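What follows is each chain in one-letter form.
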Amino acid sequence: MDAIRWGIIGCGDVTEVKSGPGFQKADRSSLVAVMRRDRAKAEDFARRHGVERVHGRAEDLIADPHVDAVYVATPPSSHRELALAVAAAGKPCLVEKPMAMNHAECVEMVAAFRARALPLWVAYYRRALPRFLKVRELLRGGAIGRLTAVHVHITDRLATGADAEAWRVNPAIAGAGLFLDLASHCVDLVDFLAGPVSAVSGFAVNSGGTYAAEDATAAAFQIGVDIVGTGIWNFNAGEKADRIVFTGSAGALTTPVFTDGDVLVSREGGTEALSVRNPPHVHQPLIQSIVDELGGRGRCESTCESGARASWVMDQCVARYYAGRKGLGSRD
């Protein structure tokens, strides 16, 4: 496949700047079709973004002979169903993160695409951003010595009013609360930068009471055999915080996850700030890696296998919170 024609299912907010234009701007890539249940909104998106074809049903976009590959940009509750439909149609698929509602759904998705020898990727686009490629280069190059520990620290103010009714804090749609939505990027980055998590235990609580999902989660984890880690995702805090700290035998490296800030490398001689800015459309580098893989020119590192690993870690952290809670689902 040399030039890839993409179709998007769910042309909502994430597709306006973060991802949508990237399908058009990547080399040997074009966005040819979009689908949204509200067809008028799909037509508006298509008109503003120069997309030729509009569908009102997902099955029609998946079956469209002009579409080579499908990007599923809907909330997590529909990821499994839509991805399985794309696999059945014999097409490659990129699905938004988190990969699915839970790890069990991820396993089913992986199996379906493997059975058909088709690729499935997950939109953990930070794996392709220059900042995190630089962080991985520094860690692998021994900039802080041998890596010994990782700490994730994410906080924000409590969602209230309309924000407390958004789908991202509705477990029936999101799979859990903001932990699944935002910690998924952090967990995937730990996997990408330091290695897969080999053991994890976590605790989730609801301290604010403005919605039913968890609003604060803590985790302790192990990477491989000799790296330890902790994480705090507190969405009932008085201020915002956004950082991952990698501690090594000769220093520490700190990077933001969500903000476009500097990477700080601290050693005995002082602290160096490295400015590595994001591109205008943050999904574009990941999209390019997918197009290159389909064309036999490279490989995308955000696979369904790595996406499933992230979901397994998050399941362990919230399982006790959701166990037996009627209407909120459960994780075994």
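Residues numbered from 1 in each chain as written. Predicted model: local features only at pLDDT ≥ 70, side-chain atom pairs only at ≥ 80, totals over all residues. Heavy atoms only, no water.

1. Thoughts on the overall build of the chain
So, step 1. Helix and strand counts for the chain come out as ten helices and 14 strands.
So, step 2. The C-alpha atoms of the chain give 20 Å as radius of gyration, which agrees with the globular expectation for 332 residues (20 Å, within 12%).
So, step 3. If you line up the chain on its principal axes, its C-alpha atoms span 60 × 50 × 35 Å.
So, step 4. Here the contacts in the chain between residues at least 6 apart in sequence split such that 68% fall between residues at least 24 apart. (Helix = DSSP H or I, 4+ residues; strand = E, 2+ residues; numbered from the N terminus. Rg over C-alpha atoms; globule rule 2.2 N^0.38 Å. Contact = heavy atoms within 4.5 Å.)

2. With respect to the packing of aromatic side chains
So, step 1. Enumeration over the complete set of coordinates arrives at four aromatic pairs.
So, step 2. When the centroid spacing of 5.2 Å and the interplanar angle of 80° are considered together, the rings of Phe179 and Trp233 count as edge-to-face. Placement of Phe179 in helix 8 (residues 178-193) and of Trp233 in strand 10 (residues 227-234) is noted, with a sequence separation of 54 residues between them.
So, step 3. Here the aromatic residues Trp6, Phe23 and Tyr71 are joined through ring pairs into a cluster of three or more. (Phe/Tyr/Trp six-rings, centres within 6.5 Å; stacked < 30°, edge-to-face > 60°.)

3. A few points about the sheet that holds strand 10
So, step 1. Taken in spatial order, the eight strands make up an open sheet running 8-9-10-7-11-12-13-14, and their pairing is mixed. One side of each edge strand has no neighbouring strand; the edge strands of this open sheet are strand 8 (197-205) and strand 14 (270-274). The sheet shows a mean angle of 15° between the axes of neighbouring strands, taken without regard to direction.
So, step 2. The sheet contact formed by strand 9 (residues 216-223) and strand 10 spans eight bridges and is antiparallel. For Phe221, the partnering residue across the bridge sits in strand 10 and is Gly229.
So, step 3. Strands in contact with helix 8 are strand 7 (147-155), strand 8, strand 9, strand 10 and strand 11 (241-248); relative to strand 7, the strand with the most contacts, it is inclined by about 160°.
So, step 4. Relative to the sheet, helix 10 (residues 304-322) contacts strand 8 and strand 9, its axis offset from that of strand 8 by approximately 35°. (Pairing = 2+ DSSP bridges. Axes fitted to C-alpha atoms, helices over the stretch in contact; angles between N-to-C directions.)

4. A few points about the nonpolar core
So, step 1. Trp6, Val34, Leu94, Met99, Trp233, Phe246 and Leu253 are the most contacted members of the largest nonpolar core, which totals 108 residues.
So, step 2. Broken down by element, this core gets its largest block of residues, ten residues, from helix 8.
So, step 3. Not counting residues within four places of it along the chain, the set of residues in contact with Phe246 comprises Val135, Leu139, Ile144, Leu147, Ala149, Val150, Leu193, Ala194, Gly251, Ala252, Leu253 and Thr255. (Core = buried A, V, L, I, M, F, W, Y, C linked by side-chain atoms within 4.5 Å. Buried < 20%, exposed > 50% of the residue type's maximum accessible area, 1.4 Å probe, protein only.)

5. A short note on the layout of surface pockets
A water-sized probe rolled over the atoms picks out the places where empty space is left.
So, step 1. Looking at the largest pocket, its volume works out to about 1,200 Å³.
So, step 2. Lining of the largest pocket is provided by 43 residues; of these, Val14, Ala73, Thr74, Pro75 and Trp167 occupy positions nearest its centre.
So, step 3. Elements that contribute at least two residues to the lining of the largest pocket include exactly helix 3 (58-63), helix 4 (79-88), helix 6 (130-140) and helix 8.
So, step 4. Of the residues belonging to the lining of the largest pocket, the class tally is 20 nonpolar, nine polar and 14 charged.
So, step 5. Approximately 420 Å³ is the volume found for the second largest pocket.
So, step 6. Breaking the lining of the second largest pocket down by element, the ones donating at least two residues are strand 7, helix 8 and strand 11. (1 Å grid on protein atoms, 1.4 Å probe; cavity = no way out; pocket = protein on both sides within 12 Å on 5 of 7 lines; lining within 4 Å. Points joined across faces, edges and corners; volume = space filled by probe spheres on them. Nonpolar A, V, L, I, M, F, W, Y, C, P; charged D, E, K, R; others polar.)

6. With respect to the environment of Gly269
So, step 1. Turning to its location among the elements, Gly269 is positioned in the loop between strand 13 (263-267) and strand 14.
So, step 2. Taking relative accessible area as the criterion, Gly269 reaches 86% and is therefore assigned exposed.
So, step 3. When the C-alpha atoms of Gly269 and Gly251 are compared, they prove to be 9.7 Å apart, with 18 residues separating the residues in sequence.

7. Quick word on unusual backbone geometry
So, step 1. With an omega of -15°, the peptide bond running from Lys97 to Pro98 counts as cis.
So, step 2. Mapped onto the secondary structure, Pro98 falls in the loop between strand 5 (93-95) and helix 5 (103-115).
So, step 3. The backbone of Arg28 shows a phi angle near 60°, a positive value even though the residue is not glycine.
So, step 4. Examined against the element boundaries, Arg28 turns out to sit in the loop between helix 1 (20-25) and strand 2 (29-35).
So, step 5. Although it is not a glycine, Ala117 adopts a positive phi angle of roughly 55°.
So, step 6. Relative to the elements of secondary structure, Ala117 occurs in the loop between helix 5 and strand 6 (120-122).

8. Examining helix 4
So, step 1. Residues of helix 4 that are buried include every one of His79, Leu82, Ala83, Leu84, Val86 and Ala87, and no others.
So, step 2. Its buried side turned inward, helix 4 meets strand 1 (4-9), helix 3, strand 4 (69-72), strand 5 and helix 5.
So, step 3. Of the residues trailing helix 4, Gly90 is marked for its positive phi of about 80°.

9. Focus: the pattern of salt bridges
Side chains that differ in sign of charge can pair as their charged atoms come close.
So, step 1. Summed over the entire model, instances satisfying the criterion amount to 25 salt bridges.
So, step 2. Two residues, Arg136 and Glu301, come together in a salt bridge whose shortest N-O distance is 2.9 Å. You can see Arg136 sitting in helix 6 and its partner Glu301 sitting in the loop between helix 9 (284-294) and helix 10, a full 165 residues away along the chain.
So, step 3. Look at the salt bridges and you will find they share partners, linking Glu16, Asp44, Arg47 and Arg48 into a network. (Salt bridge = Lys/Arg side-chain N within 4 Å of Asp/Glu carboxyl O.)

Without other data, these values stay purely geometric and don't point to any function.
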